[in-house]
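What the coordinates show
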Amino acid sequence: MTDPSDALRPPVDPAMTPQTFARWYWPVAELRAFCEALGLPSAGRKAELRDRVAFALAHPGQAPPAPPRRRRRSGGVDWKTAALSEATVIDEGVSFGPNLRGWFKARLGPRFSCHGDFMDWMRASPGRTLADAEAAWRMLEARKDDPAFRREIAECNEHLQYLRDLRDANPHLSLDQARTCWTEKARRPAREGKVRYAPEDLRFLD
């Protein structure tokens, strides 16, 4: 008898039952395909897409509730077009688009990366200046040289969290082997649609 935990994720099907849909981890591309097949908007964050599809499958013919509107934070700087300088004050409406990223690249060189830790620092620092932000970025980069430092992984990034957890538990395995386990695990039933590392996942390397 086939182990039900080894069943593979079915293809996108707008006639799928909500119970079947809930059994699986769905990548963003497939969630968008679901939305298109169901005549739903396909823009938004992964969690929003999943909720939208789940509602449509459970309530055929009903329009899903509109997502809560994100309050746009006001500020004095037009981050898309402003001529930025060291003295530019960070406000609550800071936007990390091409204008701001380009300014930092010109200052810090091509190695500049607008990573999550840096964006979190800026969002938490209204009233500080871009000169302060530049110093903060250099500090965050230097911290990476500390062997004890580990960057926090966002809760929504199941892929990176899975790879880290697997390799923490099995430091002898390569990154490619960890990715193989992720690929196979993500195709199989996942409680609440979330993929988490478990020791038995090493069977995928056999």
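Quantities reported herein were computed from a predicted structural model and do not represent experimental measurements.

**What to know about unusual backbone geometry**
- Unlike most non-glycine residues, Glu192 shows phi in positive territory, near 60 degrees.
- Overall, the relative accessible area of 64% leaves Glu192 in the exposed class.

**Remarks on the environment of Met139**
- Relative to the assigned elements, Met139 resides in helix α6 (residues 130-143).
- Judged by its relative accessible area of 43%, Met139 falls in the partly exposed class.
- Considering only alpha carbons, one finds Met139 and Asp165, 26 residues apart in sequence, at a separation of 27 Å.

**Description of the packing of aromatic side chains**
- Taken as a whole, this structure holds 11 aromatic pairs when the rule is applied.
- Taking 5.3 Å as the distance between ring centres and 80 degrees as the angle between the ring planes, the aromatic pair formed by Tyr25 and Trp182 counts as edge-to-face. One end of the pair, Tyr25, is in the loop between α1 (18-22) and α2 (28-38); the other, Trp182, is in helix α8 (residues 175-186), with 157 residues separating them in the sequence.
- According to the relative accessible area criterion, Tyr25 is buried, its value standing at 10%.
- Overall, the relative accessible area of 10% leaves Trp182 in the buried class.
- Ring geometry for Tyr162 versus Tyr197: centroids 6.0 Å apart, planes at 75 degrees, classification edge-to-face. On the criterion of sequence distance, the pair formed by Tyr162 in helix α7 (residues 158-169) and Tyr197 in the segment after α8 is long-range, its members being 35 residues apart.
- Ring pairs connect the aromatic residues Trp103, Phe104, Phe112, Phe118 and Trp137, which therefore count as one cluster.

**Here's the deal with the nonpolar core**
- In this structure, Leu100, Phe104, Phe118, Met122 and Leu130 are the most contacted members of the largest nonpolar core, which totals 20 residues.
- Contributions of two or more residues to this core are made by α4 (98-108), α5 (116-123) and α6.
- At 5 residues, the largest contribution of residues to this core is made by α6.
- By size, the runner-up hydrophobic cluster in this structure holds 13 residues, among which are Leu163, Leu166, Ala178 and Val195.

**Focus: the side chain of Arg52**
- Locating Arg52 in the fold gives a position in helix α3 (residues 46-58).
- For the buried Arg52, which has no salt bridge, the nearest side chain bearing the opposite charge is Glu48, at an N-O separation of 4.5 Å.
- Residue contacts for Arg52: discarding those within four places in its chain leaves Cys35, Leu40, Pro41, Ser42, Ala43 and Pro64.

**Side note on the packing of α2 against α3**
- Where α2 meets α3, the axes come as close as 9 Å, and the angle between the chain directions of the two elements is 40 degrees. By the criterion of interaxial angle, the relationship of α2 to α3 is oblique. Pair α2 / α3 crosses with left-handed handedness. For the pair α2 and α3, the contacting residues are Val28, Leu31, Arg32, Phe34, Cys35 and Leu38 in the first and Lys46, Leu49, Arg50, Arg52, Val53, Ala56 and Leu57 in the second.
- A class-by-class count of the residues in the contact of α2 with α3 yields 9 nonpolar, no polar and 4 charged.

The rules behind these values
Residues numbered from 1 in each chain as written. Predicted model: local features only at pLDDT ≥ 70, side-chain atom pairs only at ≥ 80, totals over all residues. Heavy atoms only, no water. Buried < 20%, exposed > 50% of the residue type's maximum accessible area, 1.4 Å probe, protein only. Helix = DSSP H or I, 4+ residues; strand = E, 2+ residues; numbered from the N terminus. Phe/Tyr/Trp six-rings, centres within 6.5 Å; stacked < 30°, edge-to-face > 60°. Core = buried A, V, L, I, M, F, W, Y, C linked by side-chain atoms within 4.5 Å. Lys, Arg positive; Asp, Glu negative; His and termini not counted. Salt bridge = Lys/Arg side-chain N within 4 Å of Asp/Glu carboxyl O. Contact = heavy atoms within 4.5 Å. Axes fitted to C-alpha atoms, helices over the stretch in contact; angles between N-to-C directions. Parallel < 35°, antiparallel > 145°, perpendicular 65-115°, else oblique. Left-handed = near helix turned anticlockwise from the far one by under 90°. Nonpolar A, V, L, I, M, F, W, Y, C, P; charged D, E, K, R; others polar.

By themselves, these figures tell us nothing about what the structure is for.
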